Amino acid sequence: MSTAPTSGDPYLVVDDLTVRFPTADGLVQAVTGLSYQVELGKTLGIVGESGSGKSVSSMAVLGLHDRRSAQISGSIKVAGTEVVGLSEGRMRELRGNAVAMIFQDALASLHPFYKIGAQLAEAYRTHHPKATKKEARSRALEMLERVGIPQPDKRIDQYPHQFSGGMRQRAMIAMGLINDPSLLIADEPTTALDVTVQAQILDLLQDLQQEFNSAIIIITHDLGVVAEMADDVLVMYAGRAVEYGSAKEVLTRPEMPYTWGLLSSVPDVAADTNARMIPIPGAPPSLLDPPSGCPFHPRCAHREKVPGDLCRTELPELLPAVHGEGHLKRCHLADPEAVFAAEVLPEIAPEMVEEKR
Amino acid sequence: MFSFLVKRILSGSLIVVLVSVMIYALFWYGPKSPALELCRRDTNNRCTPAKLVEFEDRLGYSNPIYEEYGKWAKGLVADRTIIHGTSEYDCPAPCLGISYRDKSLVTDQFKERFPVTVSLAVGASALYLLIGVTVGVLAARRRGSVADKALVASTLVFSSIPYYLVALLSFLILTLSTSVFPEAKYVPFLDDPLAWFSGLLLVWLVMGLYGATAYTRYSRGSMVEALGEDYVRTARAKGLRMRTVVTKHALRSALVPVITIFGLDVAFLLSGTVFTEKIFSLEGIGKWGIDAVNIKDLPVVQATTLVLAVSVVVMNIIVDIVYSILDPRVRLA
């Protein structure tokens with residue numbers, strides 16, 4: 001049996017996770033050989049384009065995939081308990097309790113026919129079967145107040161469509177946190193919101209994390225969110241980890257051309273006017289038939305710098321990066337730092353190159 | 001809610017009035033004289049033009065249409081005396097006229113026959129929902145499985161057989177040759193609830209099972225859609241039991257489109273089920289109405305048509321109210 005985890009122990013350990021979906025067209029390899037861990041009180045940002053396996057991998061943590069249609073292998077340990085292959089009954093005890101998930105688009109994710117308060121109370125009573133309706137309601141009220149919903153005593157009896165977008169996401173967070181989860185998975189929690197509300201929601205998540213010392217996984221395609229929130233970053237491409245390390249390392253000394261691409265495509269109003277926003281050419285690969293070798297090679301601007309045909313023929317291992325402890329990258333480039341400094345940085349942040357001189 | 005009801009009842013009444021005027025006008029201005037059938041019958045097929053005029057006079061077709069329609073409409077609220085030639089008939093309000101065929105009061109006939117039709121409708125529609133929705137939900141839960149595919153295929157095959165054939169075969173096999181079920185019989189519910197139930201059981205099963213195939217497909221489809229909604233994923237992520245997720249979260253949304261179809265189906269059931277009544281020899285208003293059309297018995301046709309119009313209007317109001325109960329975003333106005 002697992003002992004009560006303390007801060008510092010990894011609360012969630014994902015090891016060599018593979019998720020596949022057999023379909024009529026073939027086997028979709030949604031996630032392949034993914035490993036990461038999150039400690040209590042820390043935040044992991046998982047970044048990648050649509051279809052890179054971000055959501056699929058975290059839904060596996062909650063066992064939300066249809067058992068008949070998903071093939072899951074590898075190991076997911078929540079507080080020391082193996083979750084892969086866990087019975088539905090045991091899994092249900094974890095869901096919404098020790099591990100909670102909040103989703104993007106709170107309007108679609110909250111039931112349109114039930115009052116906010118009823119939906120929160122239901123989440124509470126599921127894991128506190130002895131609680132009375134009154135207790136559950138006062139707990140719901142408390143949570144709505146905690147996430148900063150004005151007039152919670154009035155709002156508790158309203159329906160989701162009567163809430164604004166930001167308020168709905170707050171209610172969603174309140175529902176996620178109502179059972180004091182140790183791990184909160186936030187799947188693009190700010191995607192559908194406007195910028196000022198985004199910032200409020202991220203602040204709220206940070207406050208709550210400090211208060212409850214929970215581990216957070218934030219799934220996003222927005223590196224700005226990662227820079228603001230995350231302690232560690234996992235960059236995913238075509239179902240695999242392509243770069244993994246502390247947020248500081250990955251964001252300042254990225255060693256994988258896909259991460260460079262993500263950095264180049266972040267719009268920044270405060271940036272030098274000489275800075276360019278460069279989109280990554282092409283589209284994410286099909287997971288039914290991933291490209292040979294490095295899955296990013298068809299879109300990679302630096303593949304010519306690798307001798308031979310290595311990028312096209314051989315999948316690079318996830319190996320320690322040149323710089324930084326625990327910084328891993330999946331790339332054949334011999335000296336990624338030099339390429340980044342010489343070719344990428346001047347394009348995306350000319351002012352930083354000036355400073356260095 | 002109150003203003004919604006007032007508005008809908010007023011607009012519904014207007015529809016009912018328009019329907020009754022239309023039926024009246026169709027009879028009046030139709031290609032054949034509305035008195036022809038009656039004239040032929042009463043003269044043993046020797047209806048001369050002179051005789052026909054006599055019959056038209058007797059039934060009131062020589063007066064202006066608005067005068068006759070006015071008399072008919074007034075009868076709904078006030079007692080009236082109907083004069084057919086030399087005979088006089090007392091018709092207390094609500095008077096729907098007297099049948100051309102046997103001079104009986106339409107209102108009395110209606111009171112006798114409508115409970116039969118209502119009983120059939122209640123049992124059949126209950127089975128539509130009970131069997132149709134239950135099976136549909138179970139199939140949606142196992143979407144793509146062999147059981148699901150077999151079920152969808154078999155409902156398609158079953159509902160491709162004409163209804164009258166299903167009803168007739170059931171009657172022939174289950175009642176006439178094997179007597180698994182007794183002969184269908186209507187006993188008023190208040191007289192003997194058990195006899196009411198056992199007398200109509202076979203008829204309900206035939207109507208209900210046949211109609212339920214369509215409901216299986218509707219509810220399977222809308223349940224599959226509901227199970228794919230984000231809020232169902234949220235419900236599972238909360239740690240709810242699958243049974244709770246399905247019944248409380250998915251089914252409630254899935255029922256909304258099913259209720260619309262159900263409302264209209266009930267309205268049509270209430271206006272009579274001709275095949276069922278004919279095959280099982282039940283005296284409901286469906287058979288009554290068809291027989292009346294054949295001999296141009298205007299008062300009876302008028303009455304049975306009004307039942308349909310009123311049922312459709314009332315069921316639509318009920319469906320809208322049920323909608324607003326199921327979905328709080330729907331405002332009654």
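Residues numbered from 1 in each chain as written. Chains lettered and ligands numbered in written order. Predicted model: local features only at pLDDT ≥ 70, side-chain atom pairs only at ≥ 80, totals over all residues. Heavy atoms only, no water.

Enquirer: Explanation requested: the UniProt feature "transmembrane region" (unreviewed entry) in chain B in the structure shown.
Expert: Residues and elements named next belong to chain B. In this structure's numbering, the residues bearing the UniProt feature "transmembrane region" (unreviewed entry) are residues 12–30, 114–139, 151–174, 194–213, 250–270 and 306–326. Within the segment residues 194–213, helix and strand shares are 100% and 0% respectively, and the terminal C-alpha atoms sit 27 Å apart. End C-alpha atoms of residues 250–270 are separated by 30 Å, and the span's content is 100% helix alongside 0% strand. (UniProt positions renumbered as here; feature names shortened; annotations may be inferred. Helix = DSSP H or I, 4+ residues; strand = E, 2+ residues; numbered from the N terminus.)

Enquirer: Whenever I open this one, the UniProt feature "domain: ABC transmembrane type-1" (unreviewed entry) in chain B confuses me. Can you help?
Expert: In the numbering adopted here, UniProt assigns the feature "domain: ABC transmembrane type-1" (unreviewed entry) to residues 114–319 of chain B. Helix makes up 82% of residues 114–319 of chain B and strand 0%, with an end-to-end C-alpha separation of 22 Å.

Enquirer: Explain the interface of chain A and chain B here, please?
Expert: Where the parts come together, the accessible area they lose is often given as the size of the interface. The partner chain B presents 23 residues to the 26 residues of chain A that form the contact. For the pairing of chain A and chain B, the buried interface totals around 2400 Å² over both sides, and the portion due to carbon and sulfur atoms is 55%. Remark: the boundary between chain A and chain B carries two salt bridges. We note a salt bridge from Glu-122 of chain A to Lys-238 of chain B, for which the minimum N-O separation is 2.7 Å. Taken together, the connections running from chain A to chain B amount to 13 residue pairs in polar contact (both at pLDDT 80 or more). Taken together, the elements giving at least two residues each to the side of chain A that touches chain B come down to helix H2 (88–94), helix H3 (106–109), helix H4 (116–127) and helix H7 (165–177) of chain A. (Contact = heavy atoms within 4.5 Å. Buried area = accessible area lost by both parts, 1.4 Å probe. Salt bridge = Lys/Arg side-chain N within 4 Å of Asp/Glu carboxyl O. Polar contact = N/O pair within 3.5 Å; in protein donor to acceptor, adjacent residues only side chain to side chain.)

Enquirer: Where do I start with the UniProt feature "domain: ABC transporter" (unreviewed entry) in chain A in this structure?
Expert: According to UniProt, the feature "domain: ABC transporter" (unreviewed entry) maps to residues 12–263 of chain A in the numbering used here. Within residues 12–263 of chain A, the helical portion is 40% and the strand portion 27%, while the C-alpha atoms at the span's ends are 27 Å from each other.

Enquirer: Explain the environment of Ile-149 of chain A to me, please; I cannot follow it from the model alone.
Expert: Residues and elements named next belong to chain A. Along the polypeptide, Ile-149 turns up in the loop between helix H5 (133–146) and helix H6 (152–155). A relative accessible area of 3% places Ile-149 in the buried class. Taking the C-alpha atoms as reference points, Ile-149 and Ala-174, separated by 25 residues in sequence, lie 9.7 Å from one another. Apart from residues lying up to four places away in sequence, Ile-149 is in contact with Leu-144, Arg-155, Phe-163, Met-167, Arg-170 and Ala-171. (Buried < 20%, exposed > 50% of the residue type's maximum accessible area, 1.4 Å probe, protein only.)

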